[in-house]
Amino acid sequence: MKGMAQLLREHPFFSGLDEDYLELLAGCGENRIYNTGDYIARENDPADHFFVIRDGQVAVESYLPNYGALCLQTLHKGDIFGWSWLFPPYLWTFDARAMNEVHVICLNGKCLREKCKTDPKMGYELMQRFARIITDRLHATRMQLMDVYSPQPPPLERSR
Amino acid sequence: MIPALLRIDRRSEEYAGTFTLHLSADDGGALPEFMPGQFNMLYAFGTGEVAISMSGSPTGDKGYVHTVRVHGLATQALGRLREGEQIGVRGPFGQGWPLDQVEDRDLLIIAGGLGLAPLRPLIYSLLNGNWKARRVRIFYGARRPEERLYREELPRWSEVFELRQSVDHADTAWPGHIGVITGPLQMAEVDIQSAMAFICGPEIMMRFCIQALRSKGVAESNIYLSMERNMKCAIGHCGHCQWGPNFICKDGPVFCYRDIQSWFQIRAL
């Protein structure tokens, strides 16, 4: 059975990270399994963790009054989600629900915040990696908003 | 330049505003062969002509298959036609996908929305074993699950090839990926030595897919895309589809990204 540090080492997000940092991070991580329909995170709940998906599919949802849960995107094996632990007020801003059996590595954000404070170099390394993921997610969201497959392109007068 | 009269044998609705026509010669005779990626000019009598990609099998069929989205007057007129009625057809025209280069390659077929139609003849060719790639992955992005083309065929394709579908919007009854197609593409492991990508979809979607492929190290010379412009004569005379030094109808619609990247990046061209 692989240890936590080995599992992290194999993930692209942690690729090239110093061994010492990996060991530190591994100390903040644990394996978890969620069943179909389980909520991994709920909007407005304290965001003390972030997750590395090892297997399964996770729906990122927002609840709309008089409609229900709206799925904004799905995340899959290899994806990472949850960065609300990085910024006050440390609350989840969406729901994350398991669409099938989901295996994750759950990393304790509180524990990581402390380690980043005491070791800013590691903090910077991690921030760079999170910034990349946040940028990719923003880019994808912009593309989604463009509705590129719509039969009606945006009116010309609105495009500059 | 004179259109042949073809009969609509079958018309099927893909989803609202998008339909597929199966055409054959009135006398049941053979029609000119085509290469995947080529197109025909379809003439709705009294209205006009429109360039529509081949979307049927290049072998084994006696006729042509075209998937059309209602957009302008000519496509509206085509959309009103029923089985048994006739249309004028000129073609096939243009340069198709470079199938002669796929052998032993890691082939990435990337389609967005209606862009699956010009890629379907290529997929049929690979299914039939006419051309063999080492590995074939199909990435198909659509707006919604019900706005995917050829829904009844996708399960069969997924048995033979690796098929990744992604829709921009769906409820949770949709078991697949929700999000843009660049997501699954970015997650894919790509052997940059043998990778070859064929892309067709809205231009902006192709642009983002090219960015994703380039960030993985796929060479410009291994990326091919099918361009769409307003084509009229289809033989490079009228200039309607001129794009930089190229005529899309004659030099394309399939281009190697290496050859057109400087034009592709110019706004409003």
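Residues numbered from 1 in each chain as written. Chains lettered and ligands numbered in written order. Predicted model: local features only at pLDDT ≥ 70, side-chain atom pairs only at ≥ 80, totals over all residues. Heavy atoms only, no water.

A.B. asks: Help me out: how do you make sense of the pairing of strand β9 (residues 162–167) of chain B in this one?
C.D. replies: Sheet faces and side chains relate simply in a regular strand, where the side chains alternate between the two faces. Residue and element names in this part refer to chain B. As paired elements, strand β8 (residues 135–142) and β9 share six bridges and run parallel to each other. Bridge pairing in β9 links Tyr140 to Gln165. What joins β8 to β9 is helix α3 (residues 154–160), and the crossover it makes is right-handed. Here β9 runs beside strand β10 (residues 177–178); their pairing, made up of two bridges, is parallel. Its bridge partner being in β10, Val167 is matched across the sheet by Ile178. (Pairing = 2+ DSSP bridges. Helix = DSSP H or I, 4+ residues; strand = E, 2+ residues; numbered from the N terminus. Right-handed = clockwise from strand over helix to strand, strands pointing away.)

A.B. asks: Even after reading the chapter, I still don't get the environment of B:Asp168, so can you show me in this structure?
C.D. replies: Mapped onto the elements, B:Asp168 comes out in the loop between β9 and β10. Between the alpha carbons of B:Asp168 and B:Gly179 there is a distance of 4.7 Å; along the sequence they are 11 residues apart. Leaving out residues up to four positions away in the same chain, B:Asp168 has contacts with A:Gln144, A:Tyr149, B:Ala142, B:Arg143, B:Ile178, B:Gly179 and B:Val180. (Contact = heavy atoms within 4.5 Å.)

A.B. asks: I tried to follow the confidence of the model for chain A on my own but got confused; where do I start?
C.D. replies: Caution applies to low-pLDDT regions: their predicted coordinates should not be interpreted in detail. Per-residue pLDDT for chain A averages 88, and the proportion of residues at 70 or more is 94%. Mean pLDDT per element in chain A: helix α1 (residues 4–9) of chain A is the minimum at 86, and strand β2 (residues 39–41) of chain A is the maximum at 96. (pLDDT = per-residue confidence, 0-100.)

A.B. asks: Mind showing me how you'd approach helix α2 (residues 116–127) of chain B here?
C.D. replies: Given 3.6 residues to a turn, an α-helix orients residues that are three or four positions apart in the same direction. Residue and element names in this part refer to chain B. Helix length check: α2 (12 residues) gives 15 Å between terminal C-alpha atoms against 16 Å at 1.5 Å per residue, within 8%. Extensive coverage of α2 is indicated by the burial of 12 of its 12 residues. Of all the residues in α2, the buried ones are Leu116, Ala117, Pro118, Leu119, Arg120, Pro121, Leu122, Ile123, Tyr124, Ser125, Leu126 and Leu127. Contact partners of the buried residues in α2: β4 (48–53), β5 (64–69), β7 (106–112), β8, α3 and β11 (195–200). Looking at the residues trailing α2, positive phi occurs at Gly129, about 80°. (Expected span 1.5 Å × (residues − 1). Buried < 20%, exposed > 50% of the residue type's maximum accessible area, 1.4 Å probe, protein only.)

A.B. asks: Quick question: what am I supposed to make of the state of the cysteines here?
C.D. replies: Cysteine pairs can be linked by a disulfide, which is a covalent bond between their two sulfur atoms. Residue and element names in this part refer to chain A. Under the criterion given, the structure shown has one disulfide over all chains. Each sulfur in the disulfide pair Cys28 and Cys111 lies 2.0 Å from the other. The S-S bond linking Cys28 to Cys111 shows a torsion near -55°; that makes this disulfide left-handed. With Cys28 in the loop between α2 (19–26) and β1 (29–34) and Cys111 in helix α3 (residues 109–118), the pair connects residues that are 83 residues apart, well separated along the chain. The class of Cys28 is buried, set by a relative accessible area of 6%. The class for Cys111 is partly exposed, based on a relative accessible area of 22%. (Disulfide = S-S within 2.5 Å.)

A.B. asks: Before we go on, may I ask you to explain the packing of aromatic side chains in this structure?
C.D. replies: The description of two aromatic rings rests on the distance between their centres and on the angle between their planes. Tallying each qualifying case throughout the model produces 18 aromatic pairs over all chains. An angle of 80° between the planes, with centres 4.9 Å apart, marks the rings of A:Phe50 and A:Phe130 as edge-to-face. Here A:Phe130 lies in helix α4 (residues 120–146) and A:Phe50 lies in strand β3 (residues 49–55), a separation of 80 residues in the sequence. On the basis of an interplanar angle of 70° and a centroid distance of 6.0 Å, the ring pair of B:Phe34 and B:Tyr64 is categorised as edge-to-face. With B:Phe34 in the loop between β2 (18–25) and β3 (39–44) and B:Tyr64 in strand β5, this pair connects stretches of sequence that are 30 residues apart. Taking relative accessible area as the criterion, B:Tyr64 reaches 4% and is therefore assigned buried. Linked through ring pairs, A:Phe13, A:Phe14, A:Phe50, A:Trp85 and A:Phe130 together constitute an aromatic cluster. (Phe/Tyr/Trp six-rings, centres within 6.5 Å; stacked < 30°, edge-to-face > 60°.)

A.B. asks: Sorry, what's going on with the interface of chain B and chain A here?
C.D. replies: Interface size is often expressed as the accessible area that is lost when the parts come together. On the side of chain A, 23 residues touch chain B, which itself brings 26 residues to the contact. Regarding the contact of chain B and chain A, the summed buried area is about 2,100 Å², with carbon and sulfur atoms giving 60% of it. When the area that chain B buries against chain A is broken down by residue, the three leading residues are B:Arg143, B:Thr172 and B:Ile178, summing to 24%. The tally of links between chain B and chain A comes to one salt bridge. Of all elements in the fold, only β8, β10, α4 (182–187) and α5 (203–215) of chain B reach the threshold of two or more residues within the side of chain B that touches chain A. Here the element with the most residues in the side of chain B that touches chain A is α5(B); it accounts for four residues. (Buried area = accessible area lost by both parts, 1.4 Å probe. Salt bridge = Lys/Arg side-chain N within 4 Å of Asp/Glu carboxyl O.)

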